[in-house]
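# Structure assessment
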Amino acid sequence: MKINVRRGDITEQKTAALIVTHFEDVVGLEGIAASLDQKCRGAIGDLIKSGDFDGKLCKSSLLHTRDLPTARILLIGLGKRVEFNIDKLREAYAKAAVILRDLNLRNIALAVELPDERWTLAETAEAIIEGVCLGLYQYTPFKTVERDKIKEIDELAVWVADKASFPDVNAAVERAEIVSSAVNYVRDLVSAPSNEMTPSDLAGEAEQIGRLKNVKLKVMEEAEMKELGMNSLLGVAKGSDEAAKFIILEYQGGKKAEPLIALVGKGITFDSGGISIKPAEKMEEMKSDMAGGAAVLGTIMAAAKLALPLNIVGLVPATENLPSGHAYKPGDILKSLSGQTIEVITTDAEGRLILADALTYAGKFKPEAIIDLATLTGACVIALGDYVMGMMGNNNKLKALVCEASARTGEKLWELPLWDDYHEQIKSDIADYRNSGGRAAGTITAAAFLSKFAGEFPWVHLDIAGPAWLSKDRPYAPKGASGAGVRLLIDLLRHWKAPFVAE
Ligand code: BES
Ligand code: MN
Ligand code: ZN
């Protein structure tokens, strides 16, 4: 879809369909809706008065016009004005765009209008474009039958009435396009089946990102991991015939001497559970166990395209977790890169094992902060549900910054405690730690385990096991891979406020 930002009066434009919003609790019509209504002799007002259209969030009504250059007006509800927030704009516009796409319309238009004074016109435009681009996502590369039935919008015209705000809106639209395409790229990576998205394939994707300006890529092979002593990562990789890869993407948007932020993502391209094998039901969804790693790749990609003035390193330990005659086993003890030893209680708690070495490796950069993303525990889905990430960490200021990014992006998260008491559960009788703390507080003990490898660096862990894979459609995320974490991280980086005093 091509997005064109144009200056002018939207009521005068010829297009197949125009999206127009309305608040449920606003009496009468305002702004563009009002002037359109006047030009079509009260047709919009009639729809509302009759009760056919009530303005409830994401409820819609389609109007064919006779007296206007636009062939159709799609009214979309924003809900109650008193309950409005910017995320509802993403939802409503996503819904509207999907309706028009499904009608097989190819050219659609909308106007950027301020629905609420708390957000600027640029922020408004950014949310609208994100909603449209994210909502329209479809994963189709493996559909071969009736490909001509796949519907797509060719052009979205974005109209701005006011000359002075045009440059701001234009820049905001560009940003939104970069961010949304990074999210949709991550959705593609996560949707890809594990036979098409092996650790080598993932490294191949990183290679593409490595070609962007100011980005450098290194893919560490197993031989070097062995030399360094990354035996925790290698332990997990043993059962697979696919070579493990450790992806290192460095983006230098700041000065060389300036500090660096480390992003670490779990890259299990398929998690069968290993010898501690998982039940068959829904095992196919475990192709998404590299969603954290994919989010890190997407974030580096967007950071480079946005030319963020920061230095960032993205680290993705990538391997499969499979049972075989070579596989690691419960009871095995692994000596991690940090030197600390780990007793394997279950081979299905593999994420924390590969992250342990990746976090230690992150420490080599002396980062000002480490943020890791991982589809780490089923327990997080039990605790917080399908749409909310679990957040844990060792630094209040960094956590607060992540919370602010969450509020702005609508990527919901909730903090869980990491009190010392929980560390008891991951003590091993014969090694330093065990890789499972049992069923109680499973998300927290996983994070407690990770904390042993994050060391003293300000660190936040995000458990994205719930939101990374959606079993139902959401307003701007069709079911399946969601790209969770990408918008959150990019927003966090755009509002970065270091340093973080140790607490
Ligand atoms: N990848 C899974 C966690 C997961 C489960 C993500 C469901 C998304 C949906 C992880 O590797 C895992 O298997 N965790 C175990 C840990 C346990 C054995 C300590 C779990 O959650 O059951
Ligand atoms: Mn597992
Ligand atoms: Zn896993």
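Structure: see above.
These remarks concern the structure in this document. Just so it is clear, the model here is predicted, and its values are computed rather than measured. (Residues numbered from 1 in each chain as written. Chains lettered and ligands numbered in written order. Predicted model: local features only at pLDDT ≥ 70, side-chain atom pairs only at ≥ 80, totals over all residues. Heavy atoms only, no water.)

### Side note on the sheet that holds strand S12 (residues 333-335)
Whether parallel or antiparallel, the strands of a sheet pair through hydrogen bonds between backbone atoms. Taken in spatial order, the three strands line up as S12-S13-S17 in an open sheet, and their pairing is mixed. Bordering the open sheet on either side are S12 and strand S17 (433-434), each of which pairs with just one other strand. Relative to S17, strand S13 (residues 341-343) is paired through two bridges, and the arrangement is parallel. Counterpart to Ile342 in the pairing with S17 is Tyr433. (Pairing = 2+ DSSP bridges. Helix = DSSP H or I, 4+ residues; strand = E, 2+ residues; numbered from the N terminus.)

### Details of the packing of helix H10 (residues 351-363) against helix H13 (residues 442-454)
Axis separation between H10 and H13 bottoms out at 8 Å; the angle between their running directions is 25°. With respect to H13, the element H10 is oriented roughly parallel. Both H10 and H13 take part in a crossing whose hand is right-handed. The segment H10 lies against H13, with Arg352, Leu353, Leu355, Ala356, Leu359 and Thr360 engaging Ala446, Phe449, Leu450, Phe453 and Ala454. Taken together, the residues of the contact of H10 with H13 break down into nine nonpolar, one polar and one charged. (Axes fitted to C-alpha atoms, helices over the stretch in contact; angles between N-to-C directions. Parallel < 35°, antiparallel > 145°, perpendicular 65-115°, else oblique. Left-handed = near helix turned anticlockwise from the far one by under 90°. Contact = heavy atoms within 4.5 Å. Nonpolar A, V, L, I, M, F, W, Y, C, P; charged D, E, K, R; others polar.)

### Some words on the sheet that holds strand S6 (residues 155-160)
Across the sheet, which stays open at both edges, the six strands sit in the order S1-S6-S5-S2-S4-S3 with mixed pairing between neighbours. Single-partner strands in this sheet number two, and they are strand S1 (2-7) and strand S3 (60-64). Across this sheet, the average inter-strand angle for adjacent strands is 25°, counted without regard to direction. As judged from the three bridges shared by strand S2 (residues 17-22) and strand S5 (residues 107-111), these two strands associate in the parallel manner. Looking across to S5, one finds that Leu18 is bridged to Ala109. In this fold helix H3 (residues 86-102) packs onto S2, S3, strand S4 (72-77) and S5, with an angle of close to 145° to the strand it touches most, S4. Docked against the sheet, helix H4 (residues 121-135) engages S1, S5 and S6, running at close to 170° with respect to S6.

### With respect to the site of ligand 1
The local shell around ligand 1 holds 15 residues, among which Asp271, Lys278, Asp289, Asp348 and Gly378 are the closest. Here an oxygen atom of ligand 1 and a side-chain polar atom of Asp348 are 2.8 Å apart. At a separation of 2.9 Å, an oxygen atom of ligand 1 approaches a polar side-chain atom of Glu350. Taking 520 Å² as the accessible area of ligand 1 by itself, protein coverage stands at 75%. (Near = heavy atom within 4 Å. Polar contact = N/O pair within 3.5 Å; in protein donor to acceptor, adjacent residues only side chain to side chain. Areas by Shrake-Rupley, 256 points an atom, 1.4 Å probe, with all protein chains shown as cover.)

### Observations concerning the coordination of the manganese ion (ligand 2)
Distances from the manganese ion (ligand 2) to its protein donors, namely Asp271 (OD), Asp348 (O), Asp348 (OD) and Glu350 (OE), fall within the range 2.1 to 2.2 Å. Between the six donor atoms coordinating the manganese ion (ligand 2), the angles at the centre fall across 72 to 169°, so the site counts as irregular. Donor residues binding the manganese ion (ligand 2) come from one chain and are separated in sequence as D-x76-D-x1-E. Between the manganese ion (ligand 2) and the zinc ion (ligand 3), a spacing of 3.2 Å is present, and a bridge between the two is formed by Asp271. With Asp271 in strand S10 (residues 267-271) and Glu350 in the loop between S13 and H10, the pair connects residues that are 79 residues apart, well separated along the chain. The same class applies to Asp271 as to Glu350, namely buried. (Donors = N, O, S within 2.8 Å, 3.2 Å for Na, K, Ca; no water. Tetrahedral: all angles 85-135°; square planar, octahedral: opposite > 155°, others 65-115°. Buried < 20%, exposed > 50% of the residue type's maximum accessible area, 1.4 Å probe, protein only.)

### Quick word on the coordination of the zinc ion (ligand 3)
For the zinc ion (ligand 3), the protein coordination sphere consists of Lys266 (NZ), Asp271 (OD), Asp289 (OD) and Glu350 (OE), at 2.0 to 2.4 Å. All donor residues of the zinc ion (ligand 3) come from one chain, and their arrangement in sequence is K-x4-D-x17-D-x60-E.

### Considering unusual backbone geometry
Cis rather than trans, the peptide bond between Ala498 and Pro499 has omega equal to 0°. Mapped onto the elements, Pro499 comes out in the segment after helix H14 (486-494). Look at Arg41: it is not a glycine, yet its phi comes out positive at around 50°. Although it is not a glycine, Glu146 adopts a positive phi angle of roughly 50°.

### Some remarks on the nonpolar core
Membership of the largest hydrophobic core comes to 63 residues, with the highest contact counts inside it found for Leu202, Leu297, Ile371, Leu462 and Trp496. Here this core gets 11 residues from one element, more than from any other, and that element is helix H9 (residues 291-306). Mapping this core onto the domain boundaries places at least three of its residues in each of domain 1 (2-182) and domain 2 (202-494). Setting aside chain neighbours within four positions, we find Leu297 in contact with Leu189, Leu202, Ala206, Ile209, Ile247, Leu249 and Val316. Core analysis: the next-biggest nonpolar cluster, separate from the first, contains 47 residues, Ile248, Val313, Leu315 and Leu359 among them. (Core = buried A, V, L, I, M, F, W, Y, C linked by side-chain atoms within 4.5 Å. Domains from an automatic or database assignment.)

### Here we look at the packing of aromatic side chains
As enumerated under the stated definition, the model contains 10 aromatic pairs in all. Ring geometry for Tyr139 versus Phe142: centroids 6.2 Å apart, planes at 45°, classification tilted. Through a chain of ring-to-ring contacts, the aromatic side chains of Phe23, Phe84 and Trp119 assemble into a single cluster. Seen from the ring of Tyr387, Arg474 lies directly overhead, with NZ or CZ sitting 3.6 Å from the centre. (Phe/Tyr/Trp six-rings, centres within 6.5 Å; stacked < 30°, edge-to-face > 60°. Lys NZ or Arg CZ within 6 Å of the ring centre and 35° of its normal.)

### Topic: the packing of H4 against helix H5 (residues 166-191)
Two elements in contact, H4 and H5, have axes whose closest approach is 8 Å; the angle formed by their N-to-C orientations is 30°. By the criterion of interaxial angle, the relationship of H4 to H5 is roughly parallel. Between H4 and H5 the crossing geometry is right-handed. On H5, the residues that touch Leu121, Ala122, Ala125, Glu126, Ile129, Glu130, Cys133 and Leu134 of H4 are Asp168, Val169, Ala172, Val173, Arg175, Ala176, Glu177, Val179, Ser180, Val183, Asn184 and Arg187.

Functional significance is not addressed by these values, which are geometric in nature.
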